[in-house]
Amino acid sequence: MRWAEMQAPIDAVGIAVDDTGVCAVRFGGAAGPLAAGDPVLERAVEELTRYFAGESAPFTVPLSVRGGSQFERSVWRALWAIPYAEMRTYGQIAAAVGEPDGARAVGVACNRNPLPIIVPCHRVVGADGKMVGFGGGIWRKKVLLELEAKVRIEREFGLL
């Protein structure tokens, strides 16, 4: 894996790529030596930089999902489908992947998501709408959701 690191409103973020695409996003910075000159890595940093700047453009960088059970991969695909600035509950995701009683298992799959932010597990909330269960810390989830809500409001009211 080749790593880059960027500063974000949620602290340092590490991004790793392999020969296929982005394979890891890590809170707290890179988990290996930093690489330079990798076009996919540079594109991933650019897209994350735009995300944190409040640009709601979808991520287009190629992804390389390593590991995960069939269930986890189905959850990650469902997370990928959550639109920018929208939220779903763990129960809604469970139902979407064919396991209506699997809300807790969805929480575990979200915690194992190797590509947080890009595969937006932060958009999943508890049944009562509360922010629960985020591997990066609830404070990071709050920052990400507030950023997206602000951008959505500004766009809907023509403030951007």
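Sequence order sets the numbering: in each chain, residues are counted from 1 along the sequence as written. Residues qualify for local features only when their pLDDT is at least 70, as the model is predicted, and side-chain atom pairs are given and counted only at 80 or more; totals for whole chains, interfaces and linings, by contrast, use all residues. Note that water and hydrogens are dropped before the side-chain values are worked out from all heavy atoms of the structure.

Asks: How should I be thinking about the overall build of the protein in this particular structure?
Replies: The helix count covers DSSP runs of H or I at least four residues long, the strand count covers runs of E at least two residues long, and both are numbered beginning at the N terminus. Each helix and strand in the protein was counted, giving five helices and five strands. Across the protein, helices and strands are ordered from the amino to the carboxyl terminus as β-β-β-α-α-β-α-α-β-α. Overall, the protein is about 45 × 45 × 25 Å in size when its C-alpha atoms are taken along their principal axes. Contacts spanning at least 24 positions in sequence make up 58% of the contacts within the protein whose residues lie at least 6 apart. Should any heavy atoms of two residues lie within 4.5 Å, those residues are considered in contact.

Asks: Would you take a moment to explain the pattern of salt bridges for this structure?
Replies: Once the charged atoms of two side chains with opposite charge are near each other, the side chains can pair. For this analysis, a salt bridge means a side-chain nitrogen from Lys or Arg found within 4 Å of a carboxyl oxygen belonging to Asp or Glu. This model, assessed by the stated rule, comprises 13 salt bridges. The partner of Glu156 in a salt bridge is Arg152, and the shortest N-O contact between them spans 2.8 Å. One end of the pair is Glu156 and the other is Arg152, both in helix α5 (residues 138–156) and four residues apart, which spans about a single turn. Using a relative accessible area of 53% as the deciding quantity, one classes Glu156 as exposed. Three labels apply to residues, based on accessible area from a 1.4 Å probe with only protein chains included: buried if under 20% of the type maximum, exposed if over 50%, partly exposed otherwise in between. Residue classification places Arg152 among the partly exposed positions, given a relative accessible area of 34%.

Asks: Could you clarify how one ought to interpret α5 in this entry?
Replies: Each full turn of the α-helix corresponds to 3.6 residues, which orients residues three or four apart in the same direction. How far a helix is expected to stretch is found by multiplying one less than its residue total by 1.5 Å. Under the 1.5 Å per step criterion, the end-to-end length of α5 is 27 Å for 19 residues, consistent within 8% with the ideal 27 Å. Of all the positions in α5, only Arg140, Lys141, Leu144, Leu145, Leu147, Glu148, Val151 and Glu154 are classed as buried. On the buried face of α5, the contacting elements are β2 (11–17), β3 (22–27), α1 (39–52), α3 (90–96) and β5 (124–125). In the segment just after α5, Gly158 is the residue with positive phi, at about 65 degrees.

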